[in-house]
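Per-entry structural report
These are the residues of each chain, in order.
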Amino acid sequence: MRDPLRLLLVLLSLSLVAVPSAAAAQEEQERERPRLRTPEELRQARERVRERQPAVDIPERAERLQDAREVERIEQQQRAPATPAITPRGISSAQPDSVIQALRALEGYTVTTYSGSGARFDADRGDVALEGDASLERQGQTITADSMLTFDRESGVVCGYGNPVLSGEGKPINSDQICYDTERRLGMALGARTEFTQSATWFVHGERVFTVGSDAIYSAGTEFTTCELEVPHYHFHASRFKMINDRILVARDVTLNFGGVPVFWLPFLVQSLRQGRRSGLLNPSFGIADVVQTSSRHRRQIRNLGVFWAINDYMGSELAMDWRSGDWIAVRGRFDYRWTRQFLRGYVNAQQYYESDGTRLMLVTDNGWQPGERTHVRVNGQYASSNEFVQRETFNPDELNRTLQSNASLSHAFSNGASLNFGASRNQQIMAERVTTTLPDLSIRLPALMLAAVNIGGVPQELVWTASTRYLATSEDRDELESPAPTDRDSRRQSATLSSALRFGNLGFSQGITAQDDGLESKPAVPTETDTTVALPAETTRSLAWNSVLSYEQDLIGTLRITPQLTLQGRVLESPLTGNEPITAPVTLGFGTTLKADIFGFWPGVGPFERFRHRISPTVSYSFRGDPEQSALQDSIFGETTRATNAVRIQFQQTFEGKRPAEEAADSVGDPASDDRALTDEPRRLPGQQPVRLLSINTSAIAYDFEAASRGEEGLTTTQITNSVASDLLKDLSLNFSHSLFRPITDGTGAQVDRTFDLHLEQVGASFGLTGDSWLFRWLDIGGEGEAETAREAALDTLDTESLLPSTDDRGIVPGAAPSSRMGGMNRVGSTGTWRADFNYSLRRPRDERLDENQMLSARVAFQPTENWSVGWNTGYSITDSEFLNNAVTLTRALHRWRADFSIVRAQNGNFSFEFEARLSDLPDLRVPYDQRSRRND
């Protein structure tokens, strides 16, 4: 017994032989343990010990001492009971005695712990066989089995039979048979089953699984899935499989199976199992058609081929490459940061496209910083160096209609109430070839200053002064070389405004001054189909305008309010019309007043409404200005703003509302304790439903100038009238239409000499939404009822039909300018049979026959034909040209743990794409895509 390891094994085996089973050991301890007394006997014993008797004989004293020792022993057992140890399978074993504890404390030895209902030990070979429910633990690894465990001392291999389980630092491995080398920490399991969690719980089953250490698993003929059913709806089958716990999963020769049918094959599959931000390779995006070309016109495309570098907990960077055969190679770089303690976050995403004829740069950024409680900084931007490249290459209809917006702002609120705002903006219109830039936009608002406070008629009145200033510089860059219109020229504008106001009760006095500098850049001659336009020189216009307004507000009767005011104004102008010399306009004094009121009418109800209310809100304005003394030049330049005026302006707004029957009042109504408002004198609305806006009509103002009519000019100065209509009966209804009132009569030179009344519809804009639960369909008795109707209506209210448009590119041509989801994230409309449709209609009919008419209809429709199918259709149709400009159809099939999307898209530029994609909901980066794209010129 000189071998310490042999001595250890013999002692451990002897302990098992001496105690063949945990149950037998427990019975032996029960026999040797003194009989435990009942609680009543213990109470009586304590009382005898505590009794103080003046004299006792020796037998009584001995019995009292024995009772005291018994009570002390039992109390010690109750404080530290010798409970059996519990193994992983719930097998009881005796606590180790002093010999075992001493052996475990020896240095340089490895402890192996056994337990079982029976054991056999070969003293010569040192082999141990545990029978029944058995377990073995060594170096943090534990094997349990319900039939037998064998341990070979010479090889250090333990084998389990009968549902053995190997557990340690990683996830437990269940199998049909398992063997584990305790020295090399290598294991082999047949028919092994385990699981791990990464975004979802993955269930792994391998025909033959090998474990290395406590965190690595290798296997052959492996199946893994996230479907928790006994017979999974889908699974992956890999000929080779490797998993390092909490690090990485690698599989080779992977086949995706739905049911028992293989549907897709991958040469390899790599998935990181680490949590949080980490460096590593990005998941490339490509479809089947990019590997196996099915058409000579098809362009292969691979995206997102690159790496991500997690610099630290606050910063990360990404470098990737995209490729489209025969078109371009793109290199994309991204840098993002987030410093929570400093309220600093943002990212910069730049993408450079390389073509045979040059490069194209696309840039997107968004940054925010809050250095203090009163200071906010925000910078975001979108930029494309070539509009033509976006128009030609994009497959996303929405990207063509977008405006790339860039903004920068700095705002600070001072403790005294003043505020400072500095901003800049840039708007780039892809289709209009127009860029509008504002730099800078600076505004300062001074704090309100109370100059005096007086008490008038018991009502306190304060004299308050406020002031503000703003400077704005704007430039507009147009493609003047492609347009013959004189108005399509590069322009610029600078303006500075200073204003102040005094307010004393209902009396107000305000002043303002504005300086403005406008410029039009020169434009060369542009050839057209019939002629060549004349070159236009640069023009500059400068002006300085000031005004002072004194106004007063007074309530008259009911809702009638009158606001009289006096206006004093002047202006200085320098432009080509004045020979580039400053001309001063005469100072004019004007008087005006405005009357506003709400007039109500009530009628009995019909059908579901118990009462109707008609509200008319007229606004009548009157303005008067005397005839100033001015020269003919002043009159020709400033005439419209300085001539005598005696005008009336009328505007109407009316609303028709229906009141539904009031609901029954709750038991608490009328109880002052149940409503806080009952303790105040404020009026309360009685319980009931809110009125329904049946129809709302807002009509633009009509103005008539009596002074102009007396001069022989047109008295009716309004040439166009606009009506806006809204209603709650149609969801999101908005209807606007404009009419031109007069047809101009011109002479041979094209100058207008007269006009004639001719009502002409110039513009119509309408948008509304319909659902299966709209009032029209309920009235036709084809809508929902009861609770089902309410549930569907709630689902329809939350549906965003913008998400129904599929995006065939992950990022679009401009990163971040297109929807981020590949297929647009088709949402469920609601329960089976529900649907929603949104329509937008626009009409442009210029009276000038030289301008083209345009009539357009766009629609977004979504419906749920079955429980698992969703359908979306987005289209734009030109009624004028009788053709569809764009079409996008998306079908979504919800599978167990999967979602399949079918998409067909045709954009306005003629580019066409077809796409199918199956996506695992538990692993969004894992996709089975097929897409085929063709450009208009391919």
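Here the residue numbers are simple positions, counted from 1 along each chain's written sequence. Only residues with pLDDT of at least 70 are given local features in this predicted model, and only at 80 or more are side-chain atom pairs given and counted; all residues enter the totals for whole chains, interfaces and linings. With hydrogens and water set aside, each side-chain value is computed from the structure's full complement of heavy atoms.

1. A closer look at the overall build of the chain
Strands are runs of DSSP state E lasting at least 2 residues, helices are runs of H or I lasting at least 4, and numbering of each runs from the N terminus. Secondary structure summary: the chain contains 12 helices and 52 strands in total. For the chain, the proportion of its 938 residues judged to be buried stands at 35%. Taking contacts inside the chain between residues at least 6 apart in sequence as the whole, the part at least 24 apart equals 49%. Accessibility throughout is a Shrake-Rupley quantity obtained with a 1.4 Å probe, and a residue counts as covered only by protein chains that appear here. With the model as given, the accessible surface of the chain reaches about 53600 Å², and the carbon-plus-sulfur share is 55%. Buried, partly exposed and exposed residues are distinguished by accessible area as a fraction of the type maximum, computed with a 1.4 Å probe on protein chains only: under 20%, between the cut-offs, and over 50%, respectively. By definition, residues are in contact when any of their heavy atoms lie within 4.5 Å.

2. Quick word on the packing of aromatic side chains
Only the six-membered ring of Trp is used, alongside the rings of Phe and Tyr, when aromatic pairs are assigned; centres must lie within 6.5 Å, and planes under 30 degrees apart are stacked while those over 60 apart are edge-to-face, with the rest tilted. Under the criterion given, the structure shown has 17 aromatic pairs. When the centroid spacing of 5.0 Å and the interplanar angle of 90° are considered together, the rings of Trp328 and Tyr353 count as edge-to-face. One end of the pair, Trp328, is in strand E22 (residues 328-339); the other, Tyr353, is in strand E23 (residues 344-355), with 25 residues separating them in the sequence. Relative accessible area serves as the criterion here: at 3%, Trp328 is assigned to the buried category. Look at Tyr704 and Phe706: their rings are 5.0 Å apart centre to centre, the planes differ by 70°, and that puts the pair in the edge-to-face class. What makes Tyr704 partly exposed here is its relative accessible area of 34%. The class for Phe706 is partly exposed, based on a relative accessible area of 45%. Clustering of aromatic rings is evident, with ring pairs tying together Phe224, Tyr234, Phe236, Phe241, Phe258 and Trp898. Geometrically, a lysine NZ or arginine CZ counts as sitting over a ring once it is within 6 Å of the ring centre and also within 35 degrees of the ring normal. Directly above the aromatic system of Phe742 lies the positively charged group of Arg755, at a separation of 3.7 Å from the ring centroid.

3. Let's talk about unusual backbone geometry
Between Leu439 and the following residue, Pro440, the backbone shows a cis peptide bond with an omega angle of -5°. With respect to the secondary-structure elements, Pro440 resides in strand E28 (residues 434-445). For Ser882, which is not glycine, the phi torsion reads 55° and is therefore positive. Structurally, Ser882 is set in the loop between strand E48 (869-878) and strand E49 (883-895).

4. Some details on the state of the cysteines
Here, the term disulfide refers to a pair of cysteine sulfur atoms separated by no more than 2.5 Å. Scanning the model with the defined rule gives 1 disulfide in all. The disulfide bridge from Cys159 ends at Cys179, spanning 2.2 Å between sulfur atoms. Classification of the bridge connecting Cys159 and Cys179 rests on its S-S torsion, roughly 110°, and on that basis the disulfide is right-handed. With Cys159 in strand E9 (residues 157-161) and Cys179 in strand E12 (residues 177-181), this pair connects stretches of sequence that are 20 residues apart. Like Cys159, the residue Cys179 is buried in the burial classification.

5. Some points on helix H9 (residues 632-642)
Within the span of H9, buried status applies to Gln634, Ile637, Phe638, Gly639 and Thr642. Against strand E35 (561-574), strand E36 (583-584), strand E37 (588-596) and strand E40 (619-625) lie the buried residues of H9.

6. Thoughts on the pairing of E12
Extensive coverage of E12 is indicated by the burial of 4 of its 5 residues. The rule for pairing is simple: two strands pair if DSSP sees at least two bridges between them. Two strands pair when backbone bridges link them, and E9 and E12 are joined in this way by 5 bridges, in the antiparallel orientation. Each bridged residue has a counterpart across the sheet, and for Tyr161 the counterpart in E12 is Gln177. Where E12 and strand E13 (residues 186-197) come together, 5 bridges link them in antiparallel fashion. Bridge pairing in E13 places Tyr180 opposite Gly187. A loop of 4 residues connects E12 with E13, the two strands running antiparallel in sequence, and Arg185 in this loop sits at a positive phi of about 60°.

7. A closer look at the nonpolar core
To define a nonpolar core, start from buried Ala, Val, Leu, Ile, Met, Phe, Trp, Tyr and Cys residues and group those joined through side-chain atoms within 4.5 Å. Ranked by internal contacts, the top residues of the largest apolar core, which has 39 residues, are Leu149, Phe224, Tyr234 and Phe236. Here this core gets 5 residues from one element, more than from any other, and that element is strand E16 (residues 234-244).

8. Notes on the environment of Leu695
Here Leu695 shows up in strand E42 (residues 692-705). What Leu695 contacts, discounting residues up to four positions off in sequence, is Gln654, Thr655, Phe656, Val725, Ala726 and Ser727.

9. Description of the pattern of salt bridges
Salt bridge, as used here: a side-chain nitrogen of Lys or Arg that lies within 4 Å of a carboxyl oxygen of Asp or Glu. Applying the stated criterion across every chain, the model contains 32 salt bridges. Note that Arg345 and Asp366 form a salt bridge whose closest N and O atoms lie 3.8 Å from each other. Taken together, the residues span a long stretch of sequence, with Arg345 in strand E23 and Asp366 in strand E24 (residues 358-372) at a distance of 21 residues. Classification of Arg345 as partly exposed rests on a relative accessible area of 29%. Salt-bridge contacts for Arg743 lead to Asp758; the nearest nitrogen and oxygen are separated by 3.0 Å. Within this pair, whereas Arg743 is found in strand E44 (residues 731-746), its partner Asp758 is found in strand E45 (residues 752-771), the two being separated by 15 residues in sequence. According to the relative accessible area criterion, Asp758 is partly exposed, its value standing at 25%. Three or more residues joined by partner-sharing salt bridges are found here, namely Glu355, Asp357, Arg360, Glu388, Arg392 and Glu393.

10. Here we look at the pairing of E23
Sheet topology places E22 next to E23; 11 bridges connect them, and they run antiparallel. Its bridge partner lying in E23, Arg338 is registered against Arg345. Counting the residues between successive antiparallel strands, the hairpin from E22 to E23 contains 4 residues, one of them, Phe343, with a positive phi of roughly 55°. Linking two consecutive strands that pair antiparallel, namely E23 and E24, is a turn of 2 residues.

11. Overview of the confidence of the model for the chain
For residues with low pLDDT, the predicted coordinates do not support detailed interpretation. pLDDT: the predictor's confidence for each residue, scored from 0 to 100. Averaged over all residues, the pLDDT of the chain equals 77, while 76% of them reach at least 70. In the model of the chain, strand E1 (residues 85-86) stands out as the element of lowest mean pLDDT, 36, in contrast to E40, which has the highest, 95. Within the model, the stretch residues 1-39 combines pLDDT values under 50 with 44 contacts to residues more than four positions away or in other chains. Note that residues 817-827 has pLDDT below 50 and, in this model, 56 contacts with residues that lie over four places away or in other chains.

12. Here's the deal with the side chain of Glu657
Checked against the element boundaries, Glu657 lands in strand E41 (residues 645-659). Accessibility expressed as a relative area gives 15% for Glu657, which makes it buried. At a separation of 2.4 Å, a polar atom in the side chain of Glu657 contacts the side chain of Arg613. Contact partners of Glu657, with chain neighbours within four places excluded, come to Arg611, Phe612, Arg613, Pro691, Val692, Arg693 and Leu694. Here a polar contact is recorded for every N or O atom pair within 3.5 Å, except that within protein the pair must consist of a potential hydrogen donor and a potential acceptor, and residues adjacent in sequence are included only if both atoms are side-chain atoms.

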